[in-house]
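Report on the structure
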There are 2 protein chains.
Amino acid sequence: MYIVTMQNSELYQIVWMSRPLMQAAEAAVEQGLADTDLTVRMRAVLEVLHAEGDMTVPDIAARLDIKRQYVQVMVNETLTSGLTRQCPNPRHKRSPLLALTDTGRALIAQVIEREMALLQTIGADLPSDDISTALRVVRMLTERLREESAGT
Amino acid sequence: MYIVTMQNSELYQIVWMSRPLMQAAEAAVEQGLADTDLTVRMRAVLEVLHAEGDMTVPDIAARLDIKRQYVQVMVNETLTSGLTRQCPNPRHKRSPLLALTDTGRALIAQVIEREMALLQTIGADLPSDDISTALRVVRMLTERLREESAGT
DNA sequence: GCCATATTGACAAGTATAATGTCAACATGA
DNA sequence: TCATGTTGACATTATACTTGTCAATATGGC
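1. Details of unusual backbone geometry
Residue and element names in this part refer to chain A.
- Despite not being glycine, D65 has its phi angle at roughly 55 degrees, a positive value.
- Within the secondary structure layout, D65 lies in the loop between α3 (57-64) and α4 (68-80).
- For D65, a relative accessible area of 60% corresponds to the exposed category.

2. Examining helix α6 (residues 128-150) of chain B
- For α6 of chain B, spanning 23 residues, the distance from its first C-alpha to its last is 33 Å, which sits close to the expected 33 Å at 1.5 Å a residue.
- Taken residue by residue, α6 of chain B has D130, I131, T133, A134, L135, V137, V138, L141, T142 and L145 of chain B as its buried positions.

3. A short note on the interface of chain A and chain B
- Contact with chain A, which involves 57 residues of that partner, is made by 58 residues of chain B.
- Contact between chain A and chain B buries roughly 6000 Å² in total, counting both sides, with carbon and sulfur atoms accounting for 68%.
- Together, Y12, L21 and I122 of chain A form the three largest contributors to the area buried by chain A at its contact with chain B, with a combined 11%.
- Taken together, chain A and chain B are joined by six salt bridges.
- The partner of R144 of chain B in a salt bridge is D125 of chain A, with the nearest N and O atoms 2.8 Å apart.
- Linking chain A to chain B there are 22 residue pairs in polar contact (both at pLDDT 80 or more).
- For the side of chain A that touches chain B, the secondary-structure elements that each account for two or more residues are α1 (2-32), α2 (40-52), α5 (102-122) and α6 (128-150) of chain A.
- Across the side of chain A that touches chain B, the residue classes break down as 29 nonpolar, 14 polar and 14 charged.

4. What to know about the relation of the copies chain A and chain B
- Here chain A sits on chain B after a turn of 180 degrees about the axis and a move of 0.0 Å along it, with an RMSD of 0.0 Å. Both copies are brought into coincidence by an operation consistent with a two-fold rotation axis. No C-alpha of chain A approaches the rotation axis more nearly than that of A134 of chain A, which lies at 1.9 Å.
- Looking at chain A, 100% of its interface residues are interface residues in chain B too, so the copies touch through the same face.

5. Let's talk about the protein's contact with DNA strand D
- Looking at DNA strand D, there are 19 residues lining it, with R68 and R94 of chain A together with K67, H92 and R94 of chain B nearest.
- Among the atoms of DNA strand D close to the protein, meaning within 4 Å, 68% are from sugar or phosphate groups.
- The side chain of N76 of chain A places a nitrogen or oxygen atom 3.5 Å from a phosphate oxygen of DNA strand D.
- Take K93 of chain B: an N or O atom from its main chain is 3.1 Å from a phosphate oxygen of DNA strand D.
- Contributions of two or more residues to the surface near DNA strand D are made by α3 and α4 of chain A together with α4 (68-80) of chain B.
- With four residues, the single largest contributor to the surface near DNA strand D is α4 of chain A.

Definitions and cut-offs
- Residues numbered from 1 in each chain as written.
- Chains lettered and ligands numbered in written order.
- Predicted model: local features only at pLDDT ≥ 70, side-chain atom pairs only at ≥ 80, totals over all residues.
- Heavy atoms only, no water.
- Helix = DSSP H or I, 4+ residues; strand = E, 2+ residues; numbered from the N terminus.
- Buried < 20%, exposed > 50% of the residue type's maximum accessible area, 1.4 Å probe, protein only.
- Expected span 1.5 Å × (residues − 1).
- Contact = heavy atoms within 4.5 Å.
- Buried area = accessible area lost by both parts, 1.4 Å probe.
- Salt bridge = Lys/Arg side-chain N within 4 Å of Asp/Glu carboxyl O.
- Polar contact = N/O pair within 3.5 Å; in protein donor to acceptor, adjacent residues only side chain to side chain.
- Nonpolar A, V, L, I, M, F, W, Y, C, P; charged D, E, K, R; others polar.
- Least-squares fit on C-alpha atoms with pLDDT ≥ 70 in both.
- Near = heavy atom within 4 Å.

Structure (structure tokens):
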């Protein structure tokens with residue numbers, strides 16, 4: 001009983017760390033973008049395209065779990081900045097595929113590389129097993145909390 | 001080098017899970033409050049008082065890392081609902097100590113108990129060592145990301 | 001005890017990040 | 001072909017805060 005309670009409260013603490021972690025991460029990302037012309041939301045678009053290849057606006061919205069109308073705004077900013085461009089979409093004539101331009105690809109690659117380097121510094125003394133475990137716990141927690149809100 | 005990259009990318013994934021985790025947690029909390037008259041922000045005030053005892057508004061603000069002007073609004077709602085009350089503050093004549101009323105204490109205790117029960121269900125098959133490890137990693141990550149944004 | 005300075009509560013306004021509503025122009029698919 | 005769905009665009013609304021300001025008063029150094 002005692003142990004269950006302890007374990008339970010640790011799970012509770014992980015959940016309540018999610019906001020501080022997110023805020024710290026966003027602050028760090030923002031700082032990393034300071035010397036570029038990117039905003040955090042433009043960065044999000046570029047990252048998705050970088051990780052998953054060309055996509056339509058509704059696809060990016062689904063991936064980011066943000067309504068397509070707002071993603072459209074985000075995407076339009078990247079188009080205006082010349083970081084993405086529209087390509088004809090064989091599967092959908094009205095919904096062009098968004099693709100990174102060379103500039104966009106170089107920029108997001110550099111940004112991500114810097115972020116990775118920062119994380120490497122930060123995590124240098126963390127055992128890699130611990131990191132794997134933490135990721136697994138966080139994923140499972142998220143998934144099950146989602147099920148709880150949705151399914152039930 | 002390969003392993004470092006893998007480890008690094010797992011850290012990256014933990015960071016990028018923080019938002020989904022937070023959203024899932026908030027949705028679950030909101031659902032847990034559905035049959036009470038509490039809002040998420042009122043719940044936050046009650047939880048702090050429940051965990052740390054009587055405090056002033058500026059103290060709660062510091063604890064939640066939210067500006068005192070907004071916390072004042074949150075607190076005023078709990079006062080109006082009769083879940084908290086003001087007590088004379090020996091250390092500060094103008095800034096009363098906020099205290100839970102009996103109603104407030106019973107309510108937040110019940111809410112937290114239910115949340116704990118949910119987490120116990122969710123985490124039932126997670127080894128308690130893994131949970132401890134995850135908490136430790138998440139804490140360290142948050143702390144160091146904060147240092148990075150602030151100190152540097 | 002006095003007084004410069006800080007703190008508090010209250011209120012107003014502004015901002016960022018979205019969600020929601022609506023519409024016309026098409027595209028799709030039965 | 002045509003009913004239905006999807007997309008981009010634009011407008012409005014919502015939420016969760018931050019920022020600015022002010023008067024009242026409290027505090028702390030002298």
